[in-house]
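Observations on the model geometry
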Amino acid sequence: MFRFLVACCVVSSVAALGAQNKEQSRLETCGVVMEEILGVEDNIPQDLLDKAECVIVIPSMMTVAVGVGGNFGRGAMVCRSGKAYDGAWGAPAMYTLQGGSIGLQLGAESTDLVLLVMNPRGVDALLGSKVKLGGNASVSAGPKGRSVEASTDASMRSEILSYSRSRGLFAGVSLSGASLRPDNDANREVYGVKHTARRIVTGAALTVPEWGHQFVNVLQKNSPRNESVSPETR
């Protein structure tokens, strides 16, 4: 009986460690994806990135049916710190995306998603429970290139701008109908204690976990200031 209990404890410990390592690896992958995307010539317009309050990366999203719907992926969101989102990029919160139809162009085995959250309304919606994109929060395909006019129009029109990378191709993509929700179980695995997304983003400053450094650092390097905030409020 004693040996049986010990074996159960060992199995439980290994299972918990495996889950923790999986979430750590996922968060590390978010940083790799973000750095790769920002390293290509024709990526997210700089003026849009500079006006974003938060950035979400969903690496290696799975598509169940091509062009029909049924998408699922997990990733992380990093927001600028401060009540006005005017500070340095803060600690990451884990998120899950599911549902919706993303279209034939995303029929590849692996699709990476990047979402820019452009205003406090969008952030507040995402910090609650499940959010339906196109419902609780407006979403549109993000523009590419360096067109300031297109970027300005996009940032004023939607709360969330979405991009995809599939088979090496990077483009704006519609996510209307999909849903995003905080993944509190993953947050617990990443931080070792239970934290809600709201607590991570708006609460007392949390130390960025080791496996989130690349994600946070690449954003801080490429967009150190929130240009949507007036200088008087900084």
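About the cut-offs
Residues numbered from 1 in each chain as written. Predicted model: local features only at pLDDT ≥ 70, side-chain atom pairs only at ≥ 80, totals over all residues. Heavy atoms only, no water. Buried < 20%, exposed > 50% of the residue type's maximum accessible area, 1.4 Å probe, protein only. Helix = DSSP H or I, 4+ residues; strand = E, 2+ residues; numbered from the N terminus. Salt bridge = Lys/Arg side-chain N within 4 Å of Asp/Glu carboxyl O. 1 Å grid on protein atoms, 1.4 Å probe; cavity = no way out; pocket = protein on both sides within 12 Å on 5 of 7 lines; lining within 4 Å. Points joined across faces, edges and corners; volume = space filled by probe spheres on them. Nonpolar A, V, L, I, M, F, W, Y, C, P; charged D, E, K, R; others polar. Arc of directions from axis to C-beta. Polar contact = N/O pair within 3.5 Å; in protein donor to acceptor, adjacent residues only side chain to side chain.

Focus on helix α5 (residues 184–191)
Those residues of α5 that fall on the buried side of the exposure criterion are A186, N187, E189, V190 and Y191. With its phi angle positive at about 85°, G192 sits one or two positions after the end of α5.

What about the environment of G212?
Mapped onto the secondary structure, G212 falls in the loop between α6 (197–202) and α7 (213–222). G212 sits 122 residues away from G90 along the chain, and the two C-alpha atoms are 10.0 Å apart.

Regarding the pattern of salt bridges
Side chains bearing opposite charge may pair, as long as their charged atoms lie close to each other. Applying the stated criterion to the full structure yields eight salt bridges. One salt bridge connects R26 with E23, and the closest N-O pair in it is separated by 2.5 Å. Residue R26 and its partner E23 are both found in helix α1 (residues 2–38); the two are separated by three residues, about one turn of the helix. The residues R26 and E23 share a single accessibility class, namely buried. Among the ionic pairs, R188 bridges to D185, the shortest N-O distance being 3.3 Å. On the criterion of helical spacing, the pair formed by R188 and D185 is a turn pair, its members being three residues apart in helix α5. One network of salt bridges, with partners in common, ties together E36, D112 and R165.

Concerning the layout of surface pockets
Put simply, the largest pocket is a space of about 240 Å³. A breakdown of the residues in the lining of the largest pocket according to their chemical character gives ten nonpolar, five polar and two charged.

Here we look at unusual backbone geometry
With phi around 55°, Y85 is a residue other than glycine that occupies positive phi space. You can call Y85 buried: its relative accessible area is 8%.

Here we look at α7
Residues of α7 that are buried: F215, V216, V218 and L219. Seen end-on, α7 carries its buried residues on one side only, within an arc spanning 165°.

With respect to the side chain of D112
By the element assignment, D112 lies in strand β4 (residues 111–117). On the accessibility criterion, D112 (7% relative accessible area) is buried. In terms of polar contacts, D112 uses its side chain to reach the backbone amide nitrogen of S60, at 2.8 Å. At 2.7 Å, the side chain of D112 forms a polar contact with the side chain of R165.

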